[in-house]
Amino acid sequence: MPESLAASAHIPGIPGARYWGDLPPTGFDSWLKLSADELAANYGGVMHRPHHYLALSGGGADGAYGAGLLVGWTAHGTRPEFTVVTGTSTGALIAPFAFLGTKYDPVLRQLYTEFSTNDLVERRDLLDIVRNESAISPAPLRRLLETYVDDAFVAELAEQHRRGRSLLIGTTQLDAARPMTWSVTRIAASGSPRARALIHDVLLASASIPGVFPPVMIDVEADGRPFDEMHVDGGVTAQVFVYPTGLDWALVRQRLGVTGPPTLYVINNSRDYLQWDLTQRRIFPILSRSVDSLIRTQGIGDLTQIYYLAQRDDLRFNLAFIPSSFTEHPTEKFDREYMGKLFELGFDRASNGYPWTTGPGRSK
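To start, this report covers the structure provided alongside it.

A closer look at the side chain of Asp62
By the element assignment, Asp62 lies in the loop between β2 (52–56) and α3 (63–76). One buried charged residue, Asp62, remains without a salt bridge, the closest side chain of opposite sign being Arg271 at 4.8 Å. Every residue in contact with Asp62, bar those within four places of it in the chain, is listed here: Asn269, Ile322, Tyr338 and Leu342.

The structure is reproduced here in structure tokens:
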């Protein structure tokens, strides 16, 4: 697709399916002009009540921590229903189940404690790697998504959209090198025959680490012609997100009659700092260590931005991350034993009342 058409590209038959993640949603000005009756008809389930928001970061196998935290939060008996849930990368895989509530806790436990690398990806041989666009195939992961996110699951997402709740997933549109935010609940409620397949594509794209997983090509239309868009891991442009800085959330709250300051929970599926690790003087260890450092630093920037957004817009900010006391190392990409220990750590901390951090800084 040529650059000149990028701004007009859309998903045929599903209006409002997505918007650029660094700009307010398309049509926001029109939304502000909706009548009170129109707002009540479309957002009645979230009006005139407290709001709770959940943002789930990337982190690969470390997503086991966030999954365990959510399940432990349920055990503690204080986990709220979230008005809005956002997810990036591994957070995108957790987000739909967190959004639909505690009945999906067994799924979160299964995904992050019962599967290992061979259950989630297919390795390529060296010749295949040279000829393909990635080192491994995510075909098993796609099959899992197709199993769990079935027609009944999509129908549940659609019902929550009609209540006014939102599930938002972040990808990176690689040609533009910009974040894209997908309204998965709106897609589910569209009635389009391709809604379910598009949701699978979006979730997989958000978790598709460039070079490791292949990009996901998504069918769009622009100027009356079909095109492919290349989407990869949302963490390429934002490790975690809530809403664009240009969005006036105070106006949103005012129009919805939100009761009191909303509470924002950010689950950062990574450590507050990288552990010491002697790096071998070879190309792949050097690249891997450098990318890990880059991702961590980017994540700090994202958290800081979200913190100041919360301060600006009067949101109660709460942050969770993997504590430095956890010193285990995985032996493979998705190490079942490692993820199981991380899941239990998140579960134990949350089931006893999670010690949320109220600022973006490092732990003490």
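From this point, things continue past the structure.
So, the packing of helix α8 (residues 139–148) against helix α11 (residues 195–206)
Contact pair α8 / α11: the axes reach a minimum separation of 10 Å and the direction vectors enclose 135°. Put simply, α8 runs oblique to α11. Handedness of the α8/α11 crossing: right-handed. Contact residues: α8 offers Leu141, Arg142, Leu145 and Glu146, while α11 offers Arg196, His200, Asp201, Leu203 and Leu204.

Focus on empty space enclosed by the protein
Empty space among the atoms becomes visible once a probe the size of a water molecule is rolled across them. Under the criterion given, the structure shown has one cavity of 30 Å³ or more. Its volume calculated, the largest cavity comes out at about 290 Å³. Lining the largest cavity are 18 residues, with Thr90, Leu93, Tyr112, Leu141 and Phe334 positioned closest to its centre. Looking at the lining of the largest cavity, the elements that each hand over two or more residues are α4 (90–100), α5 (105–113) and α8. Looking at side-chain class alone, the lining of the largest cavity contains 15 nonpolar, three polar and no charged residues.

Parameters at a glance
All residue numbers refer to positions counted from 1 along the written sequence of the respective chain. Local features are withheld for residues below a pLDDT of 70 in this predicted model, meaning they are given only at 70 or higher, and side-chain atom pairs are given and counted only at 80 or more; totals for whole chains, interfaces and linings count all residues. The basis for every side-chain value is the complete set of heavy atoms in the structure, and neither hydrogens nor water enter the calculation. Helix and strand labels come from DSSP, where a helix needs a run of H or I of at least four residues and a strand needs a run of E of at least two; each type is numbered from the N terminus. Burial classes: relative accessible area under 20% of the type maximum marks a residue as buried, over 50% as exposed, and values in between as partly exposed (1.4 Å probe, protein chains only). Asp and Glu are treated as the negative residues and Lys and Arg as the positive ones, with His and the ends of the chain left uncounted. Counted as salt bridges are all cases of a side-chain nitrogen of Lys or Arg within 4 Å of a carboxyl oxygen of Asp or Glu. Residue contacts are counted whenever heavy atoms from the two residues lie within 4.5 Å of one another. Axis definition: a line fit to C-alpha positions, over the contact stretch in the case of helices; interaxial angles, taken between N-to-C directions, run 0 to 180 degrees. Small angles under 35 degrees read as roughly parallel and large ones over 145 as roughly antiparallel, with 65 to 115 read as roughly perpendicular and the rest as oblique. What makes a crossing left-handed is the near helix being turned counterclockwise from the far one by less than a right angle; a clockwise turn instead makes it right-handed. A cavity, in this analysis, means grid points on a 1 Å lattice covering only the protein atoms where a 1.4 Å probe fits yet has no way out; a pocket is instead an open set bounded by protein on both sides within 12 Å along at least five of seven lines, and a residue lines either one if it has an atom within 4 Å of a point. Grid points are joined across faces, edges and corners, and a volume is the space filled by probe spheres set on the points. Each residue is assigned to one class: nonpolar for Ala, Val, Leu, Ile, Met, Phe, Trp, Tyr, Cys and Pro, charged for Asp, Glu, Lys and Arg, and polar for all the others, Gly among them.

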